[in-house]
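The chain contents come next:
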Amino acid sequence: MSKPIVVVGSINLDLVATTERMPAVGETVAGRAFQTFFGGKGANQAVAIARLGYPVHMLGKVGDDAFGSQLRHALEIAGVSATAVETAPGSSGVAVILTSNHGENIIVVVAGANGELQAADLDRHRSLIEDAGLVLTQLEIPMPAVERLAHITQSVGVPLMLDPSPAQPLSSALLRCLDWITPNESETRVLLDLDEGEAIPDVAHRAAEELLQRGPRNVLLKLGERGVFLALQNGDRFFVPAYRVEAVDTTAAGDAFNGAFAVSLIRGKSPKESADYAAAVAAISVTRHGAQPSMPNKDEVERFLEQQVGGDQ
Ligand code: ATP
Ligand code: RIB
C-alpha cells in the first residue's frame, strides 16, 4: 500500500480584499471585493495532495474560535486526514491578503494557533511521521517544531521537503536534514543574503549551487510565471517552464506546486516529470480565486495536460 504524505504546517483563514492595484504605503485605495477562503501554506499543500488522489495527513493546530472547526472541516471535506490537527486555546491562524487585478498579492499572516505547535507535539505524533513516504513542511510554524521534525525525519530516513516561506535564514543543521528545499525568488535572496540588485532568474544556476553547498540534497527554485530551476544531488541541472495561462490570483501557486510535485515524486515519476506536472497544477490554480478552492483534482489536471499537447508552454 502507498505510504501517505504527511504535511506539518499552518492552517489559516484567508481574509482577501481585491483591488484594481496595490496601495503604496500610507495610501488608501478602493477594494472591489472581499472574500474569505480556507488557506495556510500547510493546509493548502495538504489539500493539493488530497485533490490529486494521494493519501495525506495534516499535522497542525487550529484555535478554539469559530474558525477552528471550519478549518478542520474544510480539510476533511477535501479528503485530508485531520486526526493530527489539534485545537489550541485562542484564535486560529489568519492571513490578511490583498490581491490586485494583475494577479499579484501581498500577505500578512497572524500565526494564532499555528504558533502553538511545539517540538513535543512532533514527538507525540512521531509514529505518523515515521510511517510517511514523504513529509512536507513550511515556516509558518515555530522553528523549534520544524527543527524537531527535521531531526525525526533524518533519524528514521523519511524524506523531508521544506518550503522556506515566509523567508528567514536557516541553520546549517536544518539545511543538512533536507531532501528538498523549494524557495521562491525572495526566499532565495534571504537564504543566500543576496541584495535586490541580483535578479534571481539571471543567477538561478549559481544560487542553486550555493544552496546545495549548504546542505540540502536537492534544490528547486520557484521563479513564478517563468517556471522552476532544479539542481539535483546526482548532478542534473535543468529548467522547467511554467504553463502560459491567464492568472487571476497567484495566492498559493507555490503550495499547489509543492503538493503536486510531492505526489508525482512519490508516485515514482522523475523530478523533471514531477516539476512539469506540478507546473500544470500550479497553472490551473492561478486561474482561480482563493487558496484551497483553487487546487485542481486529478481529472482536471489530466484534461489540462491533454489540451497542452502540441501547444506552447
Ligand atoms: P505563492 O507564494 O504565491 O504561493 P511562490 O512564490 O512560492 O508562490 P511561485 O514561483 O510564484 O511560488 O509559483 C510557483 C509555481 O507556480 C511557478 O514555478 C509556476 O510553475 C506556477 N506559477 C506561478 N505564477 C504563475 C503564472 N502567473 N502563470 C503560470 N504559472 C504560474
Ligand atoms: O501560500 C499562500 C498562503 O500563505 C495563504 O493561504 C495564506 O494563508 C498564507 O499562509
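Higher on the page you've got the structure.
Below is a summary of the structure that appears in this document. Keep in mind the model is a prediction, meaning the values are calculated, not measured.

With respect to a nonpolar patch on the surface
On the surface, Val-96, Val-108 and Val-110 cluster together to form a nonpolar patch covering roughly 240 Å² of accessible area. Among the secondary structure elements, Val-110 is positioned in strand E7 (residues 105-110).

A short note on the side chain of Lys-41
Inspection of the secondary structure assignment puts Lys-41 in helix H1 (residues 41-51). Among buried charged residues, Lys-41 stands out as having no salt bridge; its nearest opposite-charge side chain is Glu-140, 4.2 Å away. In this view, Lys-41 contacts Ser-10, Gln-138, Glu-140, Ser-165, Pro-166 and Asp-255; residues no more than four positions away in its chain are not counted.

Regarding the pattern of salt bridges
Using the criterion set out here, one finds 15 salt bridges in the structure. The salt bridge partner of Arg-124 is Glu-86, with a shortest N-O separation of 2.8 Å. Highlighted residues: Arg-124 in helix H3 (residues 119-124) and Glu-86 in strand E5 (residues 81-88), separated in sequence by 38 residues. One salt bridge connects Glu-209 with Arg-237, and the closest N-O pair in it is separated by 2.4 Å. With Glu-209 in helix H8 (residues 204-213) and Arg-237 in strand E13 (residues 237-241), this residue pair connects regions lying 28 residues apart in the sequence. For Glu-209, a relative accessible area of 23% corresponds to the partly exposed category. Take Arg-237: its relative accessible area is 28%, and that puts it in the partly exposed class. Connected through shared salt-bridge partners, Lys-61, Glu-86, Asp-121 and Arg-124 make up one network.

A closer look at the site of ligand 2
The environment of ligand 2 is made up of Asn-12, Asp-14, Gly-39, Gly-40, Lys-41, Asn-44, Ala-95, Val-109, Glu-140, Ala-252, Asp-255 and Ala-291. In this structure, an oxygen atom belonging to ligand 2 sits 3.1 Å away from a side-chain N or O atom of Asn-12. Side-chain polar atom of Lys-41 to an oxygen atom of ligand 2: 2.8 Å apart, as the coordinates give it. Contact with the protein chains removes 97% of the 280 Å² of surface that ligand 2 exposes when unbound. Looking at the shell around ligand 2, the elements that each hand over two or more residues are strand E2 (12-19) and H1. Residues belonging to the shell around ligand 2 are distributed by class as follows: four nonpolar, four polar and four charged.

So, the nonpolar core
By size, the foremost hydrophobic cluster in this structure holds 53 residues, and its most contacted members are Ile-5, Leu-230, Phe-257 and Phe-261. It is helix H10 (residues 271-286) that provides the largest number of residues to this core, a total of nine residues. Not counting the four nearest positions on each side in its chain, Ile-5 is found in contact with Ile-49, Tyr-54, Pro-55, Val-56, His-57, Leu-134, Leu-136, Ala-262, Val-263 and Ile-266. Among the nonpolar cores identified, the runner-up in size contains 42 residues, and Ala-84, Leu-139, Met-143 and Leu-194 belong to it.

What counts, and where the lines are drawn
- Residues numbered from 1 in each chain as written.
- Chains lettered and ligands numbered in written order.
- Predicted model: local features only at pLDDT ≥ 70, side-chain atom pairs only at ≥ 80, totals over all residues.
- Heavy atoms only, no water.
- Patch = residues over 30% accessible without salt bridge, like charges linked within 9 Å, V, L, I, M, F, W, Y side chains within 5 Å.
- Areas by Shrake-Rupley, 256 points an atom, 1.4 Å probe, with all protein chains shown as cover.
- Salt bridge = Lys/Arg side-chain N within 4 Å of Asp/Glu carboxyl O.
- Helix = DSSP H or I, 4+ residues; strand = E, 2+ residues; numbered from the N terminus.
- Buried < 20%, exposed > 50% of the residue type's maximum accessible area, 1.4 Å probe, protein only.
- Lys, Arg positive; Asp, Glu negative; His and termini not counted.
- Contact = heavy atoms within 4.5 Å.
- Near = heavy atom within 4 Å.
- Polar contact = N/O pair within 3.5 Å; in protein donor to acceptor, adjacent residues only side chain to side chain.
- Nonpolar A, V, L, I, M, F, W, Y, C, P; charged D, E, K, R; others polar.
- Core = buried A, V, L, I, M, F, W, Y, C linked by side-chain atoms within 4.5 Å.

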